[in-house]
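Fold and contact review
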Amino acid sequence: MTKTAIQGKLLVVGGGAMGEALLAGILAAKKLEPAQVTVVEPNFDKKLLLQKRYDIEVITELDYRKYTADDTCLFAVKPQIAGQVLRKLAPRLDRTLFVSIAIGITIADYYHILPASIPVVRVMPNMPVAIGEGMSLISCAEIVSEDQKRIVTQLFDSVGRTEHIPETWQSAGATISGSGPAYFSYVIDALIHAGTRAGLPEDLSKKLAAQTAVGVSKMLLTTSRSPREIMRATASPGGITEAALETLDAEGVHKAIVAAFSAAVERADQLEAEFN
């Protein structure tokens, strides 16, 4: 096993879609042994599924055990129930590194319930962490040590890429990377639909659209080219790509995406306000 700074247990509170995706990525990267992991998942069917799929301990509710400074708690519950779960969890933590992936809950919010001795880290990962291609935004409380920052970075680097950012950037950042898989899937779904209408097999349309998205993404990450430069290089004057881009602009697609971003940020701010 690749050595990790977590010497004790990883307690995952919430085995839903994102909690499982992150857990799957970390285990696949062999950063932890299954024996180090305990998941709290109240849904009995999901409990059995997680046990079978990952060979880990899954419990339906918090028990008598306490977690120390050697342990890490990954908090992956919905914001609507976060407060009540956190009140049950707080007495079980003793200087335990607390890592939250719950959207809309600030570090200050957690300290309304958790003692000041708990190092709190707020992370916004996205769904591709399950295949090691995620993007995770990390913000830390002042009490978080450099060693603890390295623990969190190491865990989330094992499932993709990470960026440490000021917490004030979390809502905007999460709207791009956290919601981004849905945005890009929306575009790919439209391309698949268009391809099948033109007579292409659906599986071929999917492969063409998805691989093209992968290729463009790698170009943007590994070269100095901007999206605008790639568009200009692809769209020859009077050609088919130019006609397509002109249609997108005429239909207001660019403005619609910016408006969607603004709506998502506004909703993120509403979720923070609701938790408060």
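Details of the structure are given in the entry above.
Here's what I pulled together on the structure shown here. (Residues numbered from 1 in each chain as written. Predicted model: local features only at pLDDT ≥ 70, side-chain atom pairs only at ≥ 80, totals over all residues. Heavy atoms only, no water.)

1. Topic: the pairing of strand β7 (residues 134-140)
What counts, and what does not: A 1.4 Å probe rolled over the protein chains alone gives each residue an accessible area, and that area as a share of the maximum for its type sets the label: buried under 20%, exposed over 50%, partly exposed in between. Helical segments are the DSSP runs of H or I of at least four residues, strand segments are the runs of E of at least two, and each set is numbered from the N terminus. The criterion for strand pairing is that DSSP finds at least two bridges linking the strands in question. Note on handedness: a clockwise path from strand one over the helix to strand two, with the strands aimed away from the viewer, defines a right-handed crossover.
Counting buried residues in β7 gives five out of seven residues, a clear majority hidden from the surface. Relative to strand β8 (residues 160-164), β7 runs parallel, the two sharing five bridges. If you follow G134 over to β8, its bridge partner there is G160. A crossover links β7 with its parallel partner β8, the connecting element being helix α5 (residues 146-157), and its sense is right-handed.

2. Overview of the nonpolar core
The following threshold applies: In these notes, a set of buried Ala, Val, Leu, Ile, Met, Phe, Trp, Tyr and Cys residues joined through side-chain atoms within 4.5 Å is what counts as a nonpolar core. Residues are treated as being in contact if the distance between any of their heavy atoms lies within 4.5 Å.
Ranked by internal contacts, the top residues of the largest apolar core, which has 54 residues, are V37, F75, L89, F98, Y110, L114 and F156. The leading source of residues in this core is helix α1 (residues 17-28), at six residues. Once residues lying within four places of it in the same chain are set aside, the contact partners of Y110 are F75, L86, F98, S100, A102, I105 and V120.

3. A few points about the packing of helix α7 (residues 180-197) against helix α8 (residues 202-222)
Working note: a packed helix pair is described by the angle between its axes plus the distance between those axes. Using the following cut-off: Interaxial angles span 0 to 180 degrees and are taken between N-to-C directions of axes, which are lines fitted to C-alpha atoms, for helices over the stretch in contact. Angles below 35 degrees are treated as roughly parallel, those above 145 as roughly antiparallel, those between 65 and 115 as roughly perpendicular, and all remaining angles as oblique. Crossings are classed by handedness, with left-handed meaning an anticlockwise turn of the near helix from the far one by less than a right angle and right-handed meaning a clockwise turn.
Across the interface, α7 lies against α8 with an axial gap of 8 Å and an inter-helix angle of 140°. Taken together, α7 and α8 sit at an angle that is classed as oblique. In this structure, α7 meets α8 at a crossing whose hand is right-handed. The segment α7 lies against α8, with I188, L191, I192, G195 and T196 engaging E202, S205, K206, A209, A210 and A213.

4. Observations regarding the packing of helix α6 (residues 170-177) against α7
This is how the line gets drawn: Charged residues are taken to be Asp, Glu, Lys and Arg, nonpolar residues to be Ala, Val, Leu, Ile, Met, Phe, Trp, Tyr, Cys and Pro, and polar residues to be all remaining types, Gly included.
Close contact between α6 and α7 brings their axes to 5 Å; oriented N to C, the two are set at 35°. Contacts from T175, I176 and S177 in α6 reach G180, P181 and Y183 in α7. A per-class count over the contact of α6 with α7 returns three nonpolar, three polar and no charged.

5. Section: a nonpolar patch on the surface
Keep this limit in mind: Like charges are joined within 9 Å and nonpolar side chains (Val, Leu, Ile, Met, Phe, Trp, Tyr) within 5 Å, but only among residues with over 30% relative accessible area and no salt bridge; these make up the patches. Each accessible area is a Shrake-Rupley result for a 1.4 Å probe, and residues are judged covered by the shown protein chains and nothing else. One side-chain nitrogen of Lys or Arg within 4 Å of one carboxyl oxygen of Asp or Glu is enough to make a salt bridge.
On the surface, a nonpolar cluster with roughly 340 Å² of combined accessible area is contributed by Y186, V187 and L191. Within the secondary structure, Y186 sits in helix α7.

6. Looking at α7
Applied cut-off: By this rule, a helix spans an expected 1.5 Å times one less than how many residues it contains. Taking the helix axis as origin, the arc is that swept by the directions to the C-beta atoms.
Helix length check: α7, at 18 residues, gives a terminal C-alpha distance of 26 Å against a target of 26 Å (1.5 Å per residue), a fit within 8%. Turning to α7, its buried residues number three or more, namely G180, I188, I192 and G195. Projection of α7 onto a plane perpendicular to its axis shows the buried side chains occupying an angular sector of 95°, all on one side. Opposite the buried face of α7, at more than 90 degrees from it, the exposed residues are A182, Y186, D189 and R197. Structurally, α7 contributes buried residues whose contacts are with α6 and α8. Residue G199 follows α7 closely and has a positive phi angle near 105°.

From the geometry alone we can't say anything about function, so treat these as descriptive.
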